[in-house]
Amino acid sequence: MAREKQPEAAAEVEGTPERSYREQLDYLNPIAQPLASRKLTRKLYKCIRKAAKHKQIRRGVKEVQKFINKGEKGITVLAGDTLPIDVYCHIPIMCEDRSLPYAYVPSKSVRGWGCAAGRSQP
């Protein structure tokens, strides 16, 4: 007799229950444009997980800014609910100047789980 896993217990172990896409949109900053759709957000999370597995990810404003200035190519994924806005509002401008793609996702916590960042997990 195998025990069945209960989904409620898994949510309690992780900390807070996951918010839906609509609930995450309530906490967006006014500069979070272009915002990824629900489908694109899922694809970006998968891409982030793959990049983290292969150690091909840059985390943090300072590190991302350094590699954009060096001319490294890639997509920049920004969290739409990060505060204060002044910390990272220059990154989209840098991406546009260098013709790099960028997109905002609704939540920084889920983006952090995708790239295994320790501080963004609850």
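In this text, all values refer to a predicted model and were calculated from it rather than measured experimentally. (Residues numbered from 1 in each chain as written. Predicted model: local features only at pLDDT ≥ 70, side-chain atom pairs only at ≥ 80, totals over all residues. Heavy atoms only, no water.)

**Details of the overall build of the protein**
Okay, so step 1: Counting its secondary structure elements, the protein contains 6 helices and 2 strands.
Okay, so step 2: When the helices and strands of the protein are listed from N to C terminus, the series reads α-α-α-α-β-α-β-α.
Okay, so step 3: Looking at the protein as a whole, 30% of its 122 residues are labelled buried.
Okay, so step 4: Within the protein, contacts between residues separated by at least 24 positions form 72% of all contacts whose residues are at least 6 apart in sequence.
Okay, so step 5: In the form shown here, the protein has an accessible surface area of approximately 8,900 Å², with 53% of it arising from carbon and sulfur atoms. (Helix = DSSP H or I, 4+ residues; strand = E, 2+ residues; numbered from the N terminus. Buried < 20%, exposed > 50% of the residue type's maximum accessible area, 1.4 Å probe, protein only. Contact = heavy atoms within 4.5 Å. Areas by Shrake-Rupley, 256 points an atom, 1.4 Å probe, with all protein chains shown as cover.)

**Considerations on the packing of aromatic side chains**
Okay, so step 1: According to the stated counting rule, one finds 2 aromatic pairs in the structure shown.
Okay, so step 2: Seen in terms of ring centroids, Tyr88 and Tyr104 are 6.4 Å apart; in terms of plane orientation they differ by 55°. Their pairing is tilted. Placement of the pair is Tyr88 in the loop between strand 1 (76–79) and helix 5 (91–97) and Tyr104 in strand 2 (residues 102–105), with a sequence separation of 16 residues.
Okay, so step 3: By relative accessible area, which is 4% here, Tyr88 ends up buried. (Phe/Tyr/Trp six-rings, centres within 6.5 Å; stacked < 30°, edge-to-face > 60°.)

**Focus: the pattern of salt bridges**
Okay, so step 1: All told, the structure shown has 1 salt bridge when counted by the stated rule.
Okay, so step 2: The shortest N-O distance in the salt bridge between Arg58 and Glu72 comes to 3.2 Å. Taken together, the residues Arg58 in the loop between helix 3 (38–53) and helix 4 (61–70) and Glu72 in the loop between helix 4 and strand 1 connect sequence positions 14 residues apart.
Okay, so step 3: Judged by relative accessible area, Glu72 falls into the partly exposed class, the value being 33%. (Salt bridge = Lys/Arg side-chain N within 4 Å of Asp/Glu carboxyl O.)

**Let's talk about the confidence of the model for the protein**
Okay, so step 1: When pLDDT is averaged along the protein, the result is 79; 75% of the residues meet or exceed 70.
Okay, so step 2: Per-residue pLDDT, averaged within each element of the protein, yields its smallest value for helix 1 (residues 7–14) (42) and its largest for helix 5 (95).
Okay, so step 3: Of the regions scoring below 50 in pLDDT, residues 7–16 engages in 3 contacts with residues more than four places distant in sequence or in other chains. (pLDDT = per-residue confidence, 0-100.)

**Comments concerning the side chain of Thr76**
Okay, so step 1: Structurally, the position occupied by Thr76 is in strand 1.
Okay, so step 2: Each residue touching Thr76, except ones within four places of it in the same chain, is listed here: Val64, Ile68, Ile91, Cys95, Pro101, Tyr102 and Ala103.

**Quick word on the pairing of strand 1**
Okay, so step 1: In strand 1, alternate side chains face the same way, and those of Thr76 and Leu78 on one face and Val77 and Ala79 on the other are all buried.
Okay, so step 2: Sheet analysis places strand 1 next to strand 2, joined by 4 bridges and oriented parallel. Along strand 2, the bridge assignment pairs Val77 with Ala103.
Okay, so step 3: Regarding topology, helix 5 serves as the crossover connection from strand 1 to the parallel strand 2, and that connection is right-handed. (Pairing = 2+ DSSP bridges. Right-handed = clockwise from strand over helix to strand, strands pointing away.)

**Notes on the environment of Ala103**
Okay, so step 1: If you trace the backbone, Ala103 turns up in strand 2.
Okay, so step 2: Ala103 sits in the buried class, given a relative accessible area of 8%.
Okay, so step 3: Sequence spacing of Ala103 and Thr76 is 27 residues, and the spatial spacing of their C-alpha atoms is 6.5 Å.
Okay, so step 4: Excluding residues that lie within four positions of it along the chain, Ala103 makes contacts with Pro34, Leu44, Thr76, Val77 and Leu78.

**Side note on a positive patch on the surface**
Okay, so step 1: There is a patch of like positive charges on the surface, built from Arg22, Arg38, Lys39, Arg42, Lys43, Lys46, Arg49, Lys50 and Lys53.
Okay, so step 2: Broken down by element, the positive patch gets its largest block of residues, 8 residues, from helix 3. (Patch = residues over 30% accessible without salt bridge, like charges linked within 9 Å, V, L, I, M, F, W, Y side chains within 5 Å. Lys, Arg positive; Asp, Glu negative; His and termini not counted. Charge placed at Lys NZ, Arg CZ, Asp CG, Glu CD.)

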